[in-house]
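Here are the chains, one letter per residue:
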Amino acid sequence: SCYEKYPNSEVGIQAQSILLQLGESTGDEVDLTARGEQATTEERGPYIMEPGAEHRFLWLIEGQVDISKVQIAFTEHNKEFHRFQKLGEQIVPLTGQIMRLVVTGLTDQVTAQTYQKALMKDPRMQAVSAGVTYKALVISKKNFTYFFKNKDVEGYEKFFEKNY
């Protein structure tokens, strides 16, 4: 395969990304950073970079917040700036102290990061997040499955800071 012939080249990394999206293992997983350096599972944890995969925006809110105001701010932002995208929103508890709001339907990493930046600059979001401890992250669909199942806020936050 292309990955086996050129494991550290841009083409090899793209080939591995496609194989991973199809659910096939290359046997030697690569952290898909800009440099294409190889990384073991121990170094990167259970998460992988999937720039072309569907992503989600993840807003983790710690402490007390008026969820209805948060929902309204997200809905108004999405109606005004993303009305032609099929975005879904969901707010549910993650742990006893952390609520999570997830926006689904972001086509890839760049779209998700653009959404994240625009949303966090929106005055409505700034108003509902004032005085609240939160984390605004983007996450691929596959990584989200592991994150949600294991409630791995700390592990994903480290991966996010290193790779996004």
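The structure this text deals with has already been given above.
Now for a quick tour of the structure. Please read these numbers as outputs of a predicted model, since none were measured by experiment.

**Let's talk about the packing of aromatic side chains**
Inference 1: Tallying each qualifying case throughout the model produces 14 aromatic pairs.
Inference 2: Seen in terms of ring centroids, Tyr 47 and Tyr 146 are 5.5 Å apart; in terms of plane orientation they differ by 85°. Their pairing is edge-to-face. Linking Tyr 47 in the loop between α3 (41-44) and β1 (55-62) with Tyr 146 in helix α7 (residues 141-150), this pair joins segments that are 99 residues apart in sequence.
Inference 3: The side chain of Lys 151 reaches across the aromatic face of Phe 148, ending 5.0 Å from its centre.

**Focus on the pattern of salt bridges**
Inference 1: Taken as a whole and assessed by the stated rule, the structure comprises five salt bridges.
Inference 2: Glu 80 is the partner of Arg 124 in a salt bridge, and the nearest nitrogen-oxygen pair spans 3.0 Å. Within this pair, whereas Arg 124 is found in helix α6 (residues 123-129), its partner Glu 80 is found in helix α4 (residues 67-81), the two being separated by 44 residues in sequence.
Inference 3: Residue classification places Glu 80 among the partly exposed positions, given a relative accessible area of 43%.
Inference 4: According to the relative accessible area criterion, Arg 124 is partly exposed, its value standing at 25%.
Inference 5: Salt bridges sharing partners connect three or more residues here, namely Glu 62, Lys 135 and Glu 157.

**Considering the sheet that holds strand β4 (residues 133-140)**
Inference 1: What the four strands build is an open sheet, ordered β2-β3-β1-β4; its pairing is antiparallel. Looking along the sheet, the strands with just one partner apiece sit at the ends: β2 (88-93) and β4. Neighbouring strand axes in the sheet, compared pairwise and without regard to direction, differ in orientation by 20° on average.
Inference 2: The pairing of β2 with strand β3 (residues 98-106) spans six bridges and is classified as antiparallel. By the bridge assignment for β3, Glu 89 is matched with Val 103.
Inference 3: In the packing of α4 onto the sheet, contacts are made with β1, β2 and β3, and the angle to β2 comes to roughly 165°.
Inference 4: Against the sheet, helix α8 (residues 153-163) engages β1, β3 and β4, with an angle of about 70° to β4.

**Some details on the side chain of Gln 113**
Inference 1: Residue placement: Gln 113 occurs in helix α5 (residues 109-121).
Inference 2: Gln 113 has contacts with Val 138 and Tyr 164, leaving out every residue within four places of it along the chain.

**Section: the environment of Gly 96**
Inference 1: Tracing the sequence through the fold places Gly 96 in the loop between β2 and β3.
Inference 2: The class for Gly 96 is exposed, based on a relative accessible area of 78%.

Rules of the game
- Residues numbered from 1 in each chain as written.
- Predicted model: local features only at pLDDT ≥ 70, side-chain atom pairs only at ≥ 80, totals over all residues.
- Heavy atoms only, no water.
- Phe/Tyr/Trp six-rings, centres within 6.5 Å; stacked < 30°, edge-to-face > 60°.
- Helix = DSSP H or I, 4+ residues; strand = E, 2+ residues; numbered from the N terminus.
- Lys NZ or Arg CZ within 6 Å of the ring centre and 35° of its normal.
- Salt bridge = Lys/Arg side-chain N within 4 Å of Asp/Glu carboxyl O.
- Buried < 20%, exposed > 50% of the residue type's maximum accessible area, 1.4 Å probe, protein only.
- Pairing = 2+ DSSP bridges.
- Axes fitted to C-alpha atoms, helices over the stretch in contact; angles between N-to-C directions.
- Contact = heavy atoms within 4.5 Å.

By themselves these figures say nothing about function.
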